[in-house]
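Below are the chains, spelled out letter by letter.
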Number of protein chains: 2
Amino acid sequence: MKQPKARARRTREDIRERLLEAALLEFGAKGFQGASTRAIAKRVGAHQPQINYHFDSKESLWIAAVDHLFAHLTRAMQGLELLQKLDTSSGVNELAFAFADMIRRFVRFAAEHPQLNQIMVHEATSESGRLAWMTERHVRPLYDRVRPLWRRLRKAGIAAPIDDRLLHYVLVGAASTIYVNAPEARLLTGIEPTTTRWVKIHAEGLVSTLLPNLPRETK
Amino acid sequence: MKQPKARARRTREDIRERLLEAALLEFGAKGFQGASTRAIAKRVGAHQPQINYHFDSKESLWIAAVDHLFAHLTRAMQGLELLQKLDTSSGVNELAFAFADMIRRFVRFAAEHPQLNQIMVHEATSESGRLAWMTERHVRPLYDRVRPLWRRLRKAGIAAPIDDRLLHYVLVGAASTIYVNAPEARLLTGIEPTTTRWVKIHAEGLVSTLLPNLPRETK
DNA sequence: GTCTATAATTAGATAGAC
DNA sequence: GTCTATCTAATTATAGAC
């Protein structure tokens, strides 16, 4: 659209993008209140008022950062649309394989982007406008999509005996807590849980545990 | 020991106790930085400087509150000492029953005292002196005690195929996330997860899932 | 767009009367 | 032991020069 100022636009988007990434790190590590806009700006060599220039307020920055990260999650979880198709048209075995794949993807994403679940936990411990917004806008679509699939897998005897309303928190907790608490996990276990080796062990363990009667993959 | 001032002592301990409980609620909901000493004092009808009088500083209050809550957990988990004995002397089936009981107790505690896991998560997302202290003093004893038991249960084919170093976070996450995030869970699921009915469903689901080959209880 | 300076709040901690 | 008043430090947001 705008032909001139291409260089300037690139720079503008660039600083915004870098501020978003820095914000995710700070918000994830310290929570909304604990994170300071000075520290976020400093991470990218900018000054604190630039945050109010590029975003209206600390809260606007938080919203933009969360939108940014959930968009990333949606890309990584593209298989979910696949799941939806499978739910209505295909056999339960294909659904089970796809669900197992979704678990693996989610574990990998939680390991690579702990900020998402860190932010969710920081916000979810007390009611706030941010929590209500995040829940309705980003969490509910995932919850509503996964729940009926789990019910079907349970009826087929493939899934572990966990109620479909509780499953969301069992899965999110079992998959993400070690990455959310990675600073503690490093102290406690002596391992680096985010290596591909450990992520794979973790993901396969969850798949086998949550889908104990997953058929052998044939194809 | 001290005979006079019995009344005064009772009052003093009383206000300290109430400040600790209020501190747990605030620290759990908002994290260390997000919680304000003014809000904690206000919860019990006290003034903010009383916190510095009864405890030296905000950090001292936090330490005292965390000690208080872990002492409570230890009481609720008394079965752990039982587990230790079972590990060396008794059969693996008795160990499995005791482990299942421990899972049930832990789920119940997490539901009744979400502050514990809320505080752990708030702190565990970034390194700090508070995190190192809490990990070594309170978390490691539990971790070190449970890990060998889980190994034995896995070798016996009773436990789900989850590595014993990862199990700690899988169990803590699967058991506590719904209570840590209860404000979100209420919005999302429409259920009140802390009722005894749902806590029981949750606990039995985890026992069946994590110990899929638990023998039928005979005695 | 970026920088410095600063306004307006709010926090934890302390002093001193009672 | 408790209360009011206040100190000091840190925060987000804004104003204005460049």
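Here is what the cut-offs are and how they apply
Residues numbered from 1 in each chain as written. Chains lettered and ligands numbered in written order. Predicted model: local features only at pLDDT ≥ 70, side-chain atom pairs only at ≥ 80, totals over all residues. Heavy atoms only, no water. Near = heavy atom within 4 Å. Polar contact = N/O pair within 3.5 Å; in protein donor to acceptor, adjacent residues only side chain to side chain. Core = buried A, V, L, I, M, F, W, Y, C linked by side-chain atoms within 4.5 Å. Buried < 20%, exposed > 50% of the residue type's maximum accessible area, 1.4 Å probe, protein only. Helix = DSSP H or I, 4+ residues; strand = E, 2+ residues; numbered from the N terminus. Contact = heavy atoms within 4.5 Å. Least-squares fit on C-alpha atoms with pLDDT ≥ 70 in both. Domains from an automatic or database assignment. Buried area = accessible area lost by both parts, 1.4 Å probe. Salt bridge = Lys/Arg side-chain N within 4 Å of Asp/Glu carboxyl O. 1 Å grid on protein atoms, 1.4 Å probe; cavity = no way out; pocket = protein on both sides within 12 Å on 5 of 7 lines; lining within 4 Å. Points joined across faces, edges and corners; volume = space filled by probe spheres on them. Nonpolar A, V, L, I, M, F, W, Y, C, P; charged D, E, K, R; others polar. Axes fitted to C-alpha atoms, helices over the stretch in contact; angles between N-to-C directions. Parallel < 35°, antiparallel > 145°, perpendicular 65-115°, else oblique. Left-handed = near helix turned anticlockwise from the far one by under 90°. pLDDT = per-residue confidence, 0-100. Expected span 1.5 Å × (residues − 1). Bend = angle between axes of the 7 residues up to and from the residue.

**Structural notes on the protein's contact with DNA strand D**
If you check the shell around DNA strand D, you find 15 residues, and the closest are Arg38(A), Gln48(A), Arg12(B), His47(B) and His54(B). Among the atoms of DNA strand D close to the protein, meaning within 4 Å, 60% are from sugar or phosphate groups. Here Gln48(A) contributes a side-chain N or O atom positioned 2.8 Å from a base nitrogen of DNA strand D. One of the side-chain nitrogen or oxygen atoms of His54(B) is found 2.6 Å away from a phosphate oxygen of DNA strand D.

**Description of the nonpolar core**
When a protein is soluble and globular, its nonpolar side chains tend to lie buried together. Counting 138 residues, the largest nonpolar core has Phe99(A), Ile103(A), Phe99(B) and Ile103(B) as the members making the most contacts within it. For this core, the leading source of residues is helix H6 (residues 92–112) of chain A, giving 12 residues. Beyond its immediate stretch of four places on either side in the chain, Ile103(A) contacts Leu171(A), Leu206(A), Val207(A), Leu210(A) and Leu211(A).

**Quick look at the relation of the copies chain B and chain A**
The two copies are related by a screw operation: chain B maps onto chain A through 180° of rotation and 0.0 Å of translation along the axis, at an RMSD of 0.0 Å. A rotation of that kind, with that shift, is consistent with a two-fold axis. Residue Gly173(B), judged by its C-alpha, is the member of chain B lying nearest the rotation axis, at 2.0 Å. Most of the interface of chain B is mirrored in chain A, where 100% of its interface residues are also at the interface.

**What to know about the domain arrangement of chain A**
Residue and element names in this part refer to chain A. Along its sequence, chain A is organised into domain 1 (1–61) and domain 2 (77–219). Taken over C-alpha atoms, the centre of domain 1 sits 30 Å from the centre of domain 2. For the domain 1 and domain 2 pair, buried surface summed over both sides reaches about 600 Å², with 64% attributable to carbon and sulfur atoms. The tally of links from domain 1 across to domain 2 stands at one salt bridge.

**Concerning the layout of surface pockets**
Counted as a void, the largest pocket has a volume near 370 Å³. If you list the elements that add at least two residues to the lining of the largest pocket, you get helix H1 (6–34) and helix H7 (114–124) of chain A together with helix H1 (6–34) and helix H7 (114–124) of chain B. Of the residues contributing to the lining of the largest pocket, the split by class is four nonpolar, 14 polar and seven charged.

**Quick look at the packing of helix H9 (residues 164–180) of chain A against helix H11 (residues 196–210) of chain A**
Residue and element names in this part refer to chain A. Put simply, H9 and H11 touch, their axes get as near as 11 Å, and they point 165° apart. With respect to H11, the axis of H9 lies roughly antiparallel. Crossing geometry of H9 relative to H11 is assigned as right-handed. Counting all contacts with H9, which are made through Leu171, Ala174, Ala175, Ile178 and Tyr179, the residues of H11 involved are Val199, His202, Leu206 and Leu210. Grouping the constituent residues of the contact of H9 with H11 by class yields eight nonpolar, one polar and no charged.

**Things to note about the confidence of the model for chain A**
Counting all residues, the mean pLDDT for chain A is 93, and 94% of those residues have values of 70 or more. Below pLDDT 50 for its whole length, residues 1–7 of chain A participates in zero contacts with residues either more than four positions away or in separate chains.

**Digging into the interface of chain B and chain A**
Listed as interface residues are 51 residues of chain B and, on the opposing side, 51 residues of chain A. Taking both sides of the interface into account, the surface hidden between chain B and chain A amounts to around 4500 Å²; carbon and sulfur atoms contribute 71%. Sorting the residues of chain B by area buried against chain A places Tyr169(B), Glu184(B) and Leu188(B) first, and these three jointly supply 17% of that buried surface. For the pair chain B and chain A, the interface holds zero salt bridges. Joining chain B to chain A, the criterion identifies 13 residue pairs in polar contact (both at pLDDT 80 or more). Within the residue set of the side of chain B that touches chain A, elements represented by two or more residues are H1, H7, helix H8 (129–155), helix H9 (164–180), helix H10 (182–189) and helix H11 (196–210) of chain B.

**A look at the pattern of salt bridges**
Residues and elements named next belong to chain B. In the structure shown here, the tally under the stated rule is 26 salt bridges over all chains. A salt bridge links Arg130 to Glu59; the nearest nitrogen and oxygen atoms lie 4.0 Å apart. Placement of Arg130 in helix H8 and of Glu59 in helix H4 (residues 58–76) is noted, with a sequence separation of 71 residues between them. Classification of Glu59 by relative accessible area gives partly exposed; the value is 35%. Of the charged contacts in the structure, one is a salt bridge between Asp163 and Arg165, with a shortest N-O distance of 3.4 Å. Asp163 sits in the buried class, given a relative accessible area of 15%. In this structure Arg165 comes out as partly exposed when scored by relative accessible area, which is 24%.

**Focus on H8(B)**
Residues and elements named next belong to chain B. An ideal rise of 1.5 Å per residue puts 39 Å on 27 residues; H8 measures up with 37 Å between its terminal C-alpha atoms. At Val139, H8 shows its maximal bend, which comes to roughly 50°, and the proline Pro141 appears one to four places after that position. Turning to H8, its buried residues are Arg130, Leu131, Met134, Thr135, His138, Val139, Arg140, Tyr143, Val146, Leu149, Trp150 and Leu153. The opening residue of H8, the one whose side-chain oxygen lies 3.3 Å from the backbone nitrogen of Arg130, is Ser128. In the stretch just after H8, Gly157 is the one whose phi turns positive, near 75°.

**Description of the protein's contact with DNA strand C**
Near DNA strand C lie 15 residues; those nearest to it are His47(A), Gln50(A), His54(A), Thr37(B) and Gln48(B). For DNA strand C, the backbone portion of the atoms within 4 Å of the protein, that is sugar and phosphate, comes to 59%. Ala35(B) places a main-chain nitrogen or oxygen 3.4 Å from a phosphate oxygen of DNA strand C. Counting residues per element, the ones that place at least two in the surface near DNA strand C are helix H3 (49–54) of chain A together with helix H2 (37–43) and helix H3 (49–54) of chain B. A class-by-class count of the residues in the surface near DNA strand C yields four nonpolar, eight polar and three charged.

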